[in-house]
Amino acid sequence: MMHKQGIHIVAVTGSVRPGNFTSKALALVVDEIKQQPDARVKRIDPATTDLPLPGKGQSEDAKQIQKLISEASGVVLATPEYHGSYSSVIKLFIENMGFPSVLAGKPVALLGVAAGQIGAIKALEHLRSVCSHIGAIVLPGPVSVAGVQRLFDEQGRCLDEPTEKRIRGVATTLLDYIRRTVCPRVALEEMARRGETKWMQVVSARS
Ligand SMILES: Cc1cc2nc3c(=O)[nH]c(=O)nc-3n(C[C@H](O)[C@H](O)[C@H](O)COP(=O)(O)O)c2cc1C
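Reading the values: the criteria
- Residues numbered from 1 in each chain as written.
- Predicted model: local features only at pLDDT ≥ 70, side-chain atom pairs only at ≥ 80, totals over all residues.
- Heavy atoms only, no water.
- Helix = DSSP H or I, 4+ residues; strand = E, 2+ residues; numbered from the N terminus.
- Rg over C-alpha atoms; globule rule 2.2 N^0.38 Å.
- Buried < 20%, exposed > 50% of the residue type's maximum accessible area, 1.4 Å probe, protein only.
- Core = buried A, V, L, I, M, F, W, Y, C linked by side-chain atoms within 4.5 Å.
- Contact = heavy atoms within 4.5 Å.
- Right-handed = clockwise from strand over helix to strand, strands pointing away.
- Pairing = 2+ DSSP bridges.
- Salt bridge = Lys/Arg side-chain N within 4 Å of Asp/Glu carboxyl O.
- Near = heavy atom within 4 Å.
- Polar contact = N/O pair within 3.5 Å; in protein donor to acceptor, adjacent residues only side chain to side chain.
- Nonpolar A, V, L, I, M, F, W, Y, C, P; charged D, E, K, R; others polar.
- Expected span 1.5 Å × (residues − 1).

Enquirer: Teacher, can you tell me more about the overall build of the chain here?
Expert: When you go through the chain residue by residue, the secondary structure sums to six helices and six strands. In summary, the chain has a C-alpha radius of gyration of 18 Å against a globular reference of 17 Å for 207 residues, a match within 12%. Each principal axis of the C-alpha distribution contributes one length, and for the chain these read about 60 × 45 × 25 Å. Split into buried and exposed, the 207 residues of the chain put 47% on the buried side.

Enquirer: Honestly, the nonpolar core in this entry has me stumped. Any pointers?
Expert: If you look at soluble globular proteins, the nonpolar side chains tend to sit buried side by side. Core analysis: the biggest nonpolar cluster contains 32 residues, and I9, V29, L111 and F152 have the highest contact counts within it. Only β1 (7-13), α1 (21-34), β2 (39-44), β3 (74-80), β4 (107-113), β6 (143-145) and α5 (161-193) provide two or more residues apiece to this core. Apart from residues no more than four positions distant in its own chain, I9 is found in contact with I33, R40, V41, K42, G74, V76, L174, L175 and I178. In terms of nonpolar packing, the next biggest core, distinct from the first, is built from 27 residues, V10, I65, I90 and A136 among them.

Enquirer: Looking at this structure, how should I read the pairing of β1?
Expert: Every regular strand shows the same layout, with side chains that alternate between the two sheet faces. For β1, the buried fraction is high: seven of the seven residues fall into the buried class. With burial as the criterion, each face of β1 is covered, one bearing I7, I9, A11 and T13 and the other bearing H8, V10 and V12. Since β1 and β2 lie parallel, the crossover through α1 that links them has a hand, and here it is right-handed. Where β1 and β3 come together, five bridges link them in parallel fashion. Bridged to A11 within β3 is V76.

Enquirer: Sorry if this is basic, but what is going on with the pattern of salt bridges here?
Expert: Here the structure, examined in full by the defined rule, presents nine salt bridges. K91 is paired through a salt bridge with E95; the nearest N and O atoms lie 2.8 Å apart. In this pair, K91 and E95 are both assigned in helix α3 (residues 88-95), four residues apart and thus about one turn of the helix distant. Taken together, the salt bridges that share partners define one network made up of D31, E32, E164 and R168.

Enquirer: What is the right way to look at the site of the ligand in this model?
Expert: S15, R17, T22, Y82 and G116 are the nearest of the 15 residues found near the ligand. Measuring from an oxygen atom of the ligand, one finds a backbone N or O atom of G84 at 3.0 Å. Measuring from an oxygen atom of the ligand, one finds a backbone N or O atom of A115 at 3.1 Å. For the shell around the ligand, a count of residues per class yields seven nonpolar, six polar and two charged.

Enquirer: Looking at this model, I keep getting lost on α1. Mind explaining?
Expert: Helical geometry: 3.6 residues make up each α-helical turn, so side chains three or four residues apart lie on a common side. Taking 1.5 Å of rise per residue, 14 residues should cover 20 Å, and α1 covers 20 Å from first to last C-alpha, within 8% of that figure. The element α1 is largely enclosed, with a buried count of 11 among its 14 residues. Every buried residue of α1 is accounted for by F21, T22, S23, K24, A25, L26, L28, V29, V30, E32 and I33. Close packing links the buried residues of α1 with β1, β2, β3, β4 and α5.

This is the structure we're talking about:
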């Protein structure tokens, strides 16, 4: 869905570890989105959000986030690599987004960070699979960051320019997709709703 105010992105961090690197990497994506005049971003931090285990009822926080995501143009999921997969924090977030999920039909961009040398490849593959299963439109080109603990300082500044560029690219991938694919469709639907059908006559006269 598109807002009158433009593109609205929800960005979710998948680590609740104090000083975690997933949030530091995600902060770059959030900053990149904030620099775009046509886009807004809301960050979800599960460390300060009530996300019950499945079967333990629905929290007010989960309800509010479900509404936020239903109205969002796209979502960024950022996960650490934990034990060769994505984090249980991200899984818990997904479990709280309903069944069927409010993520169905949403463009979703993925970011993964890992301490290890092979990066967050496995985390991202598993997360892609689950997101596709629930009907999200998972965008190609997930970004995996290896050896993440050497790439950020205490203040969250990225110490490696190429890595920072790749991480910021998560925002670009998502926003470009929404601008190219979702915005024109929404504009056409809006025109059709307003009864501006002249363009349809032009198109059918040409074909
Ligand atoms: C429970 C747990 C499991 C982990 N498993 C892996 C792993 O399989 N591969 C890896 O490269 N790093 C692993 N790590 C290290 C994380 O990738 C590292 O902490 C990194 O900073 C990302 O996590 P963070 O966002 O919580 O900081 C693990 C860390 C924890 C706490």
